[in-house]
Amino acid sequence: MRLPISEVKPDTGTATVIGWIHEIRDLGGLSFYILRDRTGFLQATIVKKKAGEDVLAAAKEASRESVVKISGVVKESDKAPGGREIIPEKFEIISKAETPLPLDVSEKVPAEIDTRLDNRYLDARRPKVAAIFRIRSEVTHAISDYFYKNGFINITTSKIVAAATEGGTELFPIAYFEKEAFLNQSPQLYKQMMMGAGFEKVFEIGPIFRAEEHNTTKHLNEATSIDVEVSFADHNDVMALLEKVINVAYEAVAENCQPQLDILGTKLQMPSKTFPKLPYADAIDIAAGKIDEDIKYGDDLSSNAERAIGSEMGEHYFITDWPRSIKPFYAMPYEDRPDISKAFDMMHPKMELSSGAQRVHQYDLLVEQIKLKGLNPDNFEFYLKPFKYGMPPHAGWGVGMDRLITTMLDLPNIREGVLFPRDRHRVTP
RNA sequence: GCCCAGCUAGUGUAGAGGCCUAUCAUGCAACCCUGUCACGGUUGCGACUCGGAUUCGAAUUCCGAGCUGGGCGCCA
């Protein structure tokens, strides 16, 4: 029976392990093979005078990163990593690795991110990389779990859509038989339709596509979005939910991923239970006072302004009360201040993580706002129709999963937290 | 879309007109080595993105192409 490497203890006795050869050190009469699986490292020690012919032959044949199966007696040894080593009685090459390797898994020689992404399957053998994705899995699990426990329905909506809906971002056109179609930029309109369906609380964790030609460490053309929509809730309700969800994610990682955090050398900066709410007008004032740029009310926040405000706030925070002019048509305006919308962004000091709003649920107001944006309501018929037949008031948000991981682990590039990132130039692997 | 930078062995690099038959590390091969943990030692293998120009001479300067990274804009 194969034993995970982390379960090999000094007193295990006889064991069989399977893993990749991480390093080989040949000292002459004695050689060391460092074996790696997803749980850790184990040193196999071969004393050439004592080892069998077939063990010696296989060991000589084995190259770094080959998959091997080793059976033998485990011995306590304070000279070995982990305080134990295995003395192979059987040494079988299960899958031999060619040489040279496209990149150095043992990290003696660094590789650039581009080389690493081209060879992601090898890159992901590095414990630091594997740790990121173990943590990302934990975040997904914890957040989903929280939603399930609080009465949310997990939905999946179509990523193929007929037309540009929300406006704003560029869409990828695709070939869809004889029709024009696009990859969806957001599940926004579908979530809202499910409010019309009476689902009341829904969430979706799935891909979104943006065809922007940006080239930065915080943008992707395919991203994962954590989306929620809640009926009979306003913007304040869903901001409270968002704080909770971010906290749930951090707490789960702190609780269940300490080994991975240790491998990464990362100390989690735990978020506050509630995030400060900064009205947009005040955010503009802060930015205008800190940076030498012509910033005025009604502008969107530049990267520079975002950073300036972020360093002032120093933690997760909301920017609330945005001018209606720079938020989407589905954001609800305040009854008494129609130029201001009940929209918010949730920020990490380094970048925007989320945006959300209480939505417009009144048909007439929605049509009016679509027109106000210079869009044609006729193009939104599939979306507008549910608003005629009993649409409850509702609110929601979307969080960029990739950015959440990037900021949580303080990664230098958003691509670090995505297995197979899609950016301006990369479509493979 | 705008701007900046880069491209040298499998990987990461040195290189500023002749010192380049191109440095170093890692890797790989062979040999030596019984406690390594970035093992050590000796020898060897392996590269200037492409095209044009300038020059007696170009990895190095110039022009063009290709590819890549990053910043801004836009966007989340």
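For clarity, every value in this text was computed on a predicted model and none was experimentally measured.

The rules behind the values
Residues numbered from 1 in each chain as written. Chains lettered and ligands numbered in written order. Predicted model: local features only at pLDDT ≥ 70, side-chain atom pairs only at ≥ 80, totals over all residues. Heavy atoms only, no water. Pairing = 2+ DSSP bridges. Helix = DSSP H or I, 4+ residues; strand = E, 2+ residues; numbered from the N terminus. Axes fitted to C-alpha atoms, helices over the stretch in contact; angles between N-to-C directions. Contact = heavy atoms within 4.5 Å. Near = heavy atom within 4 Å. Polar contact = N/O pair within 3.5 Å; in protein donor to acceptor, adjacent residues only side chain to side chain. Domains from an automatic or database assignment. Core = buried A, V, L, I, M, F, W, Y, C linked by side-chain atoms within 4.5 Å. Buried < 20%, exposed > 50% of the residue type's maximum accessible area, 1.4 Å probe, protein only. Parallel < 35°, antiparallel > 145°, perpendicular 65-115°, else oblique. Nonpolar A, V, L, I, M, F, W, Y, C, P; charged D, E, K, R; others polar. Left-handed = near helix turned anticlockwise from the far one by under 90°.

> Which residues make up the sheet that holds strand S1 (residues 14-26), and what values go with them?
Pairing is mixed around the closed barrel formed by five strands, whose spatial order is S1-S2-S3-S5-S4. Mean inter-strand twist for the sheet, computed between neighbouring axes without regard to direction, equals 55°. With six bridges connecting them, S1 and strand S2 (residues 30-37) associate as antiparallel partners. Across the sheet, Ile21 pairs through a bridge with Leu35, a residue of S2. Running over the sheet, helix H1 (residues 53-61) touches S2, strand S3 (40-47) and strand S5 (84-95) and is turned about 70° from S5.

> So what's going on with the protein's contact with RNA strand B? Residues and values would help.
Taken together, the neighbourhood of RNA strand B is formed by 49 residues, with Arg25, Lys79, His214, Leu220 and Glu352 sitting nearest. The sugar and phosphate moieties of RNA strand B supply 58% of its atoms located within 4 Å of the protein. A distance of 3.1 Å separates a sugar or linking oxygen of RNA strand B from a polar backbone atom of Leu101. Note that a phosphate oxygen of RNA strand B is positioned 2.8 Å from one of the side-chain N or O atoms of Thr115.

> Account for the domain arrangement of chain A, naming residues and giving values.
It is common to report an interface's size as the accessible area lost on association of the parts. Domain parsing of chain A yields domain 1 (5-95) and domain 2 (121-276 + 315-417). For domain 1 versus domain 2, the separation of C-alpha centres amounts to 47 Å.

> Just give me the short version of the nonpolar core, but keep the residues and values in it.
Core analysis: the biggest nonpolar cluster contains 46 residues, and Ile135, Val139, Phe147, Trp397, Leu404, Met408 and Leu409 have the highest contact counts within it. Listed by contribution, the elements that provide at least two residues to this core are helix H4 (127-149), strand S11 (222-231), helix H6 (235-256), helix H7 (258-264), strand S14 (340-348), strand S15 (351-358), strand S16 (394-400) and helix H12 (401-408). Top contributing element to this core by residue count: H6, with 11 residues. Judged by nonpolar contacts, the second largest core, of 19 residues, contains Ala15, Leu35, Leu42 and Val55.

> Kindly report on the packing of helix H8 (residues 280-290) against helix H9 (residues 303-313), identifying the contributing residues and their values.
Viewed as axis vectors pointing N to C, H8 and H9 meet at an angle of 100°, and their least axial separation amounts to 9 Å. With respect to each other, H8 and H9 are oriented roughly perpendicular. Within the contact between the two elements, H8 uses Ala283, Ile286, Ala287 and Lys290 and H9 uses Ala305, Ala308, Ile309, Ser311 and Glu312. Counted by class, the contact of H8 with H9 contains six nonpolar, one polar and two charged residues.

> Break down the sheet that holds S11 for me, citing the residues and quoting the values.
Paired through backbone hydrogen bonds, the strands of a sheet run either parallel or antiparallel to each other. One open sheet accounts for eight strands, arranged S6-S10-S11-S16-S15-S14-S13-S12; its pairing is mixed. Edge positions in the open sheet fall to strand S6 (153-154) and strand S12 (277-279), since each of these has one partner strand only. Pairing of S12 with strand S13 (residues 317-323), which is carried by three bridges, proceeds in the parallel orientation. Bridge pairing in S13 links Leu278 to Ile319. In this fold helix H5 (residues 188-196) packs onto strand S10 (201-209), S11 and S16, with an angle of close to 25° to the strand it touches most, S11. Sheet contacts for H12: S10, S11, S14, S15 and S16; angle to S15, the most-contacted strand, approximately 135°.

> Could you give an account of the pairing of S11, with specific residues and numbers?
Taking burial as the measure, the 10 residues of S11 include eight buried ones, the bulk of the element. Here S10 pairs with S11 via nine bridges, running antiparallel. Bridging from a neighbouring strand, Glu204 pairs with Asp227 of S11. With seven bridges joining them, S11 and S16 adopt antiparallel strand pairing. If you follow Asp227 over to S16, its bridge partner there is Gly398.

> Describe the packing of H6 against H12, with residues and values.
Between H6 and H12, the least distance of the axes is 12 Å, while the angle of their chain directions is 50°. With respect to H12, the axis of H6 lies oblique. Considering how the two elements wind past one another, H6 and H12 form a crossing that is right-handed. Along its contact with H6, which presents Ile246, Ala249, Tyr250 and Val253, the element H12 presents Leu404, Thr407 and Met408. When its residues are assigned to classes, the contact of H6 with H12 shows six nonpolar, one polar and no charged.

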